[in-house]
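Close look at the chain arrangement
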Amino acid sequence: MFWISYVLLERIGSFFFMIAMGWLLVKSGRVRSEDSRILAEVSICLIIPCVIINSFQIELSDEVLHGFIFALGTAFLCHILLLILIVVGGRLFHLNRVERAIIMYPNAGNLVIPIVTALYGADMILYTSAFISMQTIFMFTHGNALLEGKRVTGWKKIFSNINIISTIVGILLFVTNIRLPSVVVVAMDSVGSMLAPLCMIVTGMLIAGVDLRHISNGMRILGVCVLRLLVCPLVAILVFGIFGLEHLVAGGHDLLMISFIAMMGPGAVTITQLAQIHNQDPHYASLLCFSSTAFCIITMPVMAAVFELLL
C-alpha cells in the first residue's frame, strides 16, 4: 500500500503543476478561460480516440482474452452500480447534472493508466482499457445525454460519435489480432501522450475563470467528493465480495484491483470538457474535478488498503 501511496503522490503532484500552468496562462492574460473549449474539442475528438485504439494494439492469447472479458464484465458491473448510486444519490441530495456526472465517471485514463503501469507493468494496461472502453460507451451515451439535458441520445448520434467508433475499431483490431503499421502506432502513441497534460491545462484554464461564489458552497463540494471517492468504492468492494468475483479467472484478484483503482479515482476531466461543450457550468465541473483530485491522494491509498483487507 505504501508503494501505491508513493505512485499516487508523484503522479497527482505532477498533475497539479500542469493545472497551475493552465491557470497561469489565463491569469497572465495570454489566453482567456473560454479558449479552453477549443482544447477540449481537440482532446475529445482526436487525442482520446488515439489513446483508445492504441491501447488495443497488443498480442492476443486465450489468457489475455479471458482476462479482458473478465475486466470488461467487471467494468460493466461497476458502471451499473454507479448508475444506481447517482439515481439514488441524486434524489436524496438533489444533485445537479454536473455533480451526478462527476460521481458517475472517474478519471479512469489520465490517472489510472500511469498507476497500473507502475504497479503491474505496461502489459496490464489492456485491462485498464477494458474499463476505459466501457466508460467511453456510457460517457458518450448516458453522460452526454445527462449533460445535454436529454433522457436519451439517439442511436444515430451514438454510433456517429468518434469515441464510440474508436472503441469499436479498437476491439475489432484486438479480437482479430490485426496490428496497425508501426508508423501509425507511433503517431497515435505520440498524440495520445498529450492527453493528461492537455486535460490538466484545460482544467487550470477553467479554474482561473471560476466564479468565487462556488467556493462558499464548500460543504456541497466536499459531499460530492465523499460520494465519488468513498461511497462508490465501498459499495463496489461490498458487491465484489458478495459475488466472489476474484475467483472467476486466473489472476482475478489483480484484474479486479485494476478495475477498482479506476473505480475509486477522482472525477473525470472529460466531464469538465463535456460540460463546457454543453454549457453546463464547466467552471463548477472543473472545481469538482480539481477538489476530488486533491482529496484522492488520501482516499485512494485508504480504499486500496480496505480492498486488500476485505478481498
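Structure shown above.
All of the points below concern the structure found in this document. The residue count restarts for each chain, going from 1 along the sequence in the order it is written. Reporting of local features is limited, given that this is a predicted model, to residues whose pLDDT is at least 70; pairs of side-chain atoms are given and counted only at 80 or more, and all residues count toward the totals for whole chains, interfaces and linings. In computing side-chain properties, one takes all heavy atoms of the structure into account and sets aside hydrogens as well as water.

1. Observations concerning the packing of aromatic side chains
- Here a pair means two rings of Phe, Tyr or Trp (six-membered ring of Trp) with centres within 6.5 Å. Their orientation is stacked below 30 degrees between planes, edge-to-face above 60, and tilted elsewhere. By the definition in use, this model includes six aromatic pairs.
- Judged by centre distance (5.7 Å) and plane angle (80 degrees), the rings of F56 and F68 are edge-to-face. Of this pair, F56 sits in the loop between α2 (36-55) and α3 (62-93) while F68 sits in helix α3, and the two are twelve residues apart along the sequence.
- For the ring pair F76 and F138, a centre distance of 6.2 Å and an interplane angle of 50 degrees mean the geometry is tilted. With F76 in helix α3 and F138 in helix α6 (residues 125-148), the pair connects residues that are 62 residues apart, well separated along the chain.
- These aromatic residues form a ring-pair network of at least three members: F56, F68 and F174. In this description a helix means any DSSP run of H or I spanning at least four residues, a strand means any run of E spanning at least two, and both kinds are numbered starting from the N terminus.

2. Observations concerning the pattern of salt bridges
- The salt bridge criterion pairs a side-chain nitrogen of Lys or Arg with a carboxyl oxygen of Asp or Glu, the two atoms within 4 Å. Going through the model one piece at a time under the given rule, you end up with three salt bridges.
- Residue R32 pairs with D35 through a salt bridge whose shortest N-O separation is 3.2 Å.
- Accessibility here uses a 1.4 Å probe with only protein chains present; expressed as a share of the type maximum, an area under 20% marks a residue as buried, one over 50% as exposed, and anything in between as partly exposed. A relative accessible area of 53% means that R32 is categorised as exposed.
- When the shortest N-O distance is used, the salt bridge between R220 and E99 registers 2.7 Å. Taken together, the residues span a long stretch of sequence, with R220 in helix α11 (residues 218-243) and E99 in helix α4 (residues 97-104) at a distance of 121 residues.

3. A look at the side chain of Q57
- Within the secondary structure layout, Q57 lies in the loop between α2 and α3.
- As used in this structure description, the phrase polar contact means that two N or O atoms lie within 3.5 Å; if the pair is within protein, one of them must be able to donate a hydrogen and the other to accept it, and residues adjacent in sequence are counted only when both atoms belong to side chains. Looking at Q57, its side chain comes within polar contact range of the main-chain oxygen of I178, at 3.5 Å.
- Each residue touching Q57, except ones within four places of it in the same chain, is listed here: L173, I178, R179, L180 and V185. Contact criterion: two residues are considered in contact whenever any of their non-hydrogen atoms come within 4.5 Å of each other.

4. Digging into empty space enclosed by the protein
- Cavities and pockets are found on a 1 Å grid laid over the protein atoms alone: a cavity is a set of points where a 1.4 Å probe fits but cannot escape, a pocket is an open set with protein on both sides within 12 Å along at least five of seven lines, and a lining residue has an atom within 4 Å of such a point. Grid points are joined across faces, edges and corners, and a volume is the space filled by probe spheres set on the points. A full pass over the atoms with the stated rule returns two cavities of 30 Å³ or more.
- Of the volumes computed, that of the second largest cavity is approximately 30 Å³.
- If you go around the second largest cavity, the residues you meet are V51, I52, S55, S129, I132 and S133.
- Those elements that provide at least two residues to the lining of the second largest cavity are α2 and α6.
- Amino acid classes used here: Ala, Val, Leu, Ile, Met, Phe, Trp, Tyr, Cys and Pro are nonpolar; Asp, Glu, Lys and Arg are charged; the rest, including Gly, are polar. Each residue belonging to the lining of the second largest cavity can be placed in one class, and the counts come to three nonpolar, three polar and no charged.

5. A word on unusual backbone geometry
- Of note, H94 is a non-glycine position whose phi angle comes to about 55 degrees, a positive value.
- For H94, the position within the fold is in the loop between α3 and α4.

6. Examining the nonpolar core
- Within this scheme, the nonpolar core is defined by two criteria: the residues are buried Ala, Val, Leu, Ile, Met, Phe, Trp, Tyr or Cys, and they are joined through side-chain atoms within 4.5 Å. Counting 85 residues, the largest nonpolar core has Y127, F240, F260 and I271 as its most contacted members.
- Looking at which element gives the most residues to this core, the answer is α6, with eleven residues.
- Ignoring any residue separated from it by four or fewer positions in sequence, one finds Y127 in contact with E63, V64, G67, F68, A71, L255 and I258.

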